[in-house]
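Chain residues, written in single-letter form:
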Amino acid sequence: STLYAINRTTSTRTEPSINLMTTKAYEDLTSTDEEKQLLLPPGEDRSDGYDDSLFRELLQRRHVDQHKTHPRLPPERRGKRHRHRYINNLNRFRHWWKTSRLLVRLAGAYVFAFVVENWNLMAMLNVKKHKQARKALKMVKKIGRGGTVKPFLAQVQPFTRTIRLILAIARALEARVDHRFVEVGIAEAFAFMGNRCSRYWARHLSDWFTAHVMLPFSLFLLGKPLSDQMAGSRPLMILMGFIRAILPFASSFQGSRFGRQVTYSTFREANFRWGAVQSVSDFHEGAGVYKDTDLDPELLRLVRKGAEAIGHGSNPVETRLALANIGFLPVGSGSGGFAMYRNKTREGVQYLLHVTPYGPAILDEMPRYVRLECKAFPTDGSETKTVVEGFTYSGSFFQSQEWASLRARFHKELNSYTEACRIMGTYHLPSSQSPQRAKYAAPPLDLVNLKAFLRSGHESRKQRRDNKRFRKINRMVNGLSKLLDGAKKKGEAPKEVILYFEGLDCAGKSSTGMLILHALEQSGYAVSVAQHNRPPTAEQRSKPWMDRGRFEHPQDMFNDKEEGGKPEYASVVWDRGPGGDFVYGNLNKLPKEEKLARYSEFRKYDQDCGATGILFLKLFFVSDRDSIAATLGKRLAHKKIAAELKTWLDSNSVPHFRQGLDEIE
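Within every chain, residues take consecutive numbers counted from 1 along the sequence as written. Residue-level local features of this predicted model are given only where pLDDT is at least 70; pairs of side-chain atoms are given and counted only at 80 or more, and the full residue set underlies all totals for whole chains, interfaces and linings. Side-chain measures were taken over the full set of non-hydrogen atoms in the model, leaving aside hydrogen atoms and water.

For the rest of this paragraph, the subject is the overall build of the protein chain. Here a strand is any run of E in DSSP of at least two residues, a helix any run of H or I of at least four, and the numbering for each starts at the N terminus. For the protein chain, the helix and strand inventory stands at 21 helices and 11 strands. Accessibility here uses a 1.4 Å probe with only protein chains present; expressed as a share of the type maximum, an area under 20% marks a residue as buried, one over 50% as exposed, and anything in between as partly exposed. Split into buried and exposed, the 665 residues of the protein chain put 42% on the buried side. Residue contacts are counted whenever heavy atoms from the two residues lie within 4.5 Å of one another. Sequence-distant contacts in the protein chain: of pairs separated by 6 or more residues, those separated by 24 or more amount to 67%.

Here's what the structure looks like:
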């Protein structure tokens, strides 16, 4: 970036604290050209370090410190392989090379098998005799090894192994950013062993099957007329020769996959990483799905404050004011929107905040790459430096892996929407493009139809995988429904059920709740949902915390005056509940004694439910930050799609139902 230094002044006044006068001075900076305007308030003193020396130093080292304005590596999802294009190209070449070797082997096998001498020799072999059966097996092995091209394949084998070794080392090195160097290195070693073992056993299995099944039973398999016509066991010998050439190649992929999965499963168990469903007693809060990036907690807290101050970032003056209120004063700016701020509120410590817009924009809001440097100057004259970097969007801070997850899911949803629009209403698509066939000839108007509409735009492989997962979920839902039906017939089913779902946003509470409610509804339960994701009102605060008027029983959700009266079997889902008050109601700020008193009230409510025959089931949903970021990316994409759907509907003069679009947003 082209950097612009701050003009010096000769004022001898000391730097004032951020007050109304300073704030007013910032408001006077109405220019929108950040690269040329004076970033500090007019008349402020720069004699205590706010001069151009820092930027002059950056200008001299701009080729070395370009990473201050953009990340060293582009953000990638945690666990992603082949991030660098050279590694990706090398992996593609390796797969092309392996496939080419197989094709060369098959070509050599074809030429060898159909040479006149070998062709006639296979016809004369009588596999019923022991020695000739051994000769037939040797002929099968020669065909499987590629015939005359076997020496060439043996010569290029060291080159193939070298490529595999280089790629394995590269995969381990690129995993260092996720703190998985050892894990990926061991996984690649086990993948290599699995590859070699699977090839070895595939060859021996093919030879054993040829010697003990195919050749002895060739007359039975082909029949006497066909056997006489095809000159004995020659067709089976050629067939097993080609199978011997292909089977090791196909099994090598499964062997590599098995070796990696063994390693990853071992590390997952050893590090107590989260499973899909597990008991609270086995839950380790700091484990996560992957090992998280170790960041300085103080810098992380400060950079999150900086992200909140940057906010949407649409108004540069407001951004500088908000950063100044937490101690960050501007030092200079550069091309591309780059800006630099410094915080010297602590003696002997200097914080430098680099902020750079990082496109493309999402919903007309520009993300920013931020880099916070902490330089400490102890009394012994040494200097220590720690760095935290990431991205900000709408006042939130994302680490690189989290931002990559958000971006990937955002673009994935938009691509699915674009493809679904392209094939919308075309019922006669080739199966290679859409095995489900497009069934939507109109734009979706609610969230359920939008999800189905987007699925029609997925790739064929993704659609098949989704269908398999949905069938499994439906089987589980139907199984739960049958279990409840059986309990009702025996008189063991609870009359009322409370499902209390607690957890962070984007953790899957709503999706899971709808599935369980569907099973309850199939079993004859009246279902309802109660939202408790907002702080208590003044009236609710005047009553006991676990008051039934706020935290309802299932029967409280239905009215006696309605047709049919109150149902015999009823259920309610609490989308958040008492635990949410510690987030939305600031109960986390209470003293420990009052927190314990609240907990006693909750336990008493639980005991009262059990005494009255109400099943009170409590589920806590936990998700890692990468998954939350991905879900946020999906919701941002849905919000953008909802805006386009409104434009879609506005293009017609006839009014359309659009209440469901608000649900999507």
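So much for the structure itself; the text now carries on.
Next up on the list: the pairing of strand β3 (residues 339-343). Consecutive residues of a regular strand have side chains that alternate between opposite faces of the sheet. Within β3, five of the five residues are buried, leaving the element largely enclosed by the surrounding structure. Of the two faces of β3, the one holding A339, Y341 and N343 and the one holding M340 and R342 are both buried throughout. In this scheme, strands are said to pair when DSSP sees at least two bridges between them. Note that strand β2 (residues 329-334) and β3 share four bridges and pair antiparallel. The residue of β3 that forms the bridge with L329 is R342.

What follows concerns the pattern of salt bridges. When a carboxyl oxygen of Asp or Glu is within 4 Å of a side-chain nitrogen of Lys or Arg, the pair counts as a salt bridge. Under the definition given, this model contains 15 salt bridges. Note that E188 and R260 form a salt bridge whose closest N and O atoms lie 3.2 Å from each other. Here E188 is found in helix α7 (residues 181-214), whereas its partner R260 is found in helix α10 (residues 234-270), with 72 residues between them in sequence. E188 gets classed as buried once you look at its relative accessible area, which sits at 3%.

Quick look at the sheet that holds strand β10 (residues 570-575) now. Reading across the sheet, the four strands line up as β9-β10-β8-β11 and stay open at both edges, with parallel pairing between neighbours. Each edge of the open sheet carries a strand with a single partner, namely β9 (526-531) and β11 (614-621). Adjacent strand axes in the sheet meet at a mean angle of 15°, parallel and antiparallel pairs treated alike. Here strand β8 (residues 496-503) pairs with β11 via eight bridges, running parallel. Whenever a helix is involved, its axis is fitted only over the stretch in contact; in every case the axis is a line through C-alpha atoms, and angles between N-to-C directions fall within 0 to 180 degrees.

Here we come to the side chain of H354. Take H354: it is sitting in strand β4 (residues 349-357). You can call H354 buried: its relative accessible area is 1%. Here H354 is in contact with K68, F338, A339, M340, Y369, V370, R371 and E373, once residues within four sequence places are set aside.

Let's shift gears to the packing of aromatic side chains. Pairing of aromatic rings covers Phe, Tyr and Trp, the last through its six-membered ring, and needs centres within 6.5 Å; plane angles under 30 degrees mean stacked, over 60 mean edge-to-face, and all others mean tilted. What the rule picks out here adds up to 25 aromatic pairs. Pairing F114 with W119 gives two aromatic rings, centres 5.0 Å apart and planes at 25°, and the pair type is stacked. Between Y605 and F616, the ring centres sit 5.9 Å apart and the planes meet at 70°, which makes this aromatic pair edge-to-face. In this pair, Y605 sits in helix α19 (residues 592-611) while F616 sits in strand β11, placing the two residues 11 residues apart along the sequence. Judged by relative accessible area, F616 falls into the buried class, the value being 8%. Taken together, the ring pairs in this structure connect Y358, Y369, F391, Y393, F398 and W403 into an aromatic cluster.

Moving on, we get to the nonpolar core. The nonpolar side chains of soluble globular proteins are, as a tendency, buried together. I362, W403, L406 and I641 are the most contacted members of the largest nonpolar core, which has 23 residues in total. Among the elements of the structure, β6 (384-393), α13 (400-422), α14 (447-455), α20 (625-650) and α21 (659-664) are those that each provide at least two residues to this core. Looking at this core element by element, the count peaks at seven residues for α20. Not counting chain neighbours up to four residues away, the residues in contact with W403 comprise P75, I362, P367, F391, Y393 and F398. We define a nonpolar core as any set of buried Ala, Val, Leu, Ile, Met, Phe, Trp, Tyr and Cys residues linked to one another through side-chain atoms lying within 4.5 Å. Counting residues in hydrophobic clusters, the runner-up holds 20 residues, among them I310, L353, V355 and L372.

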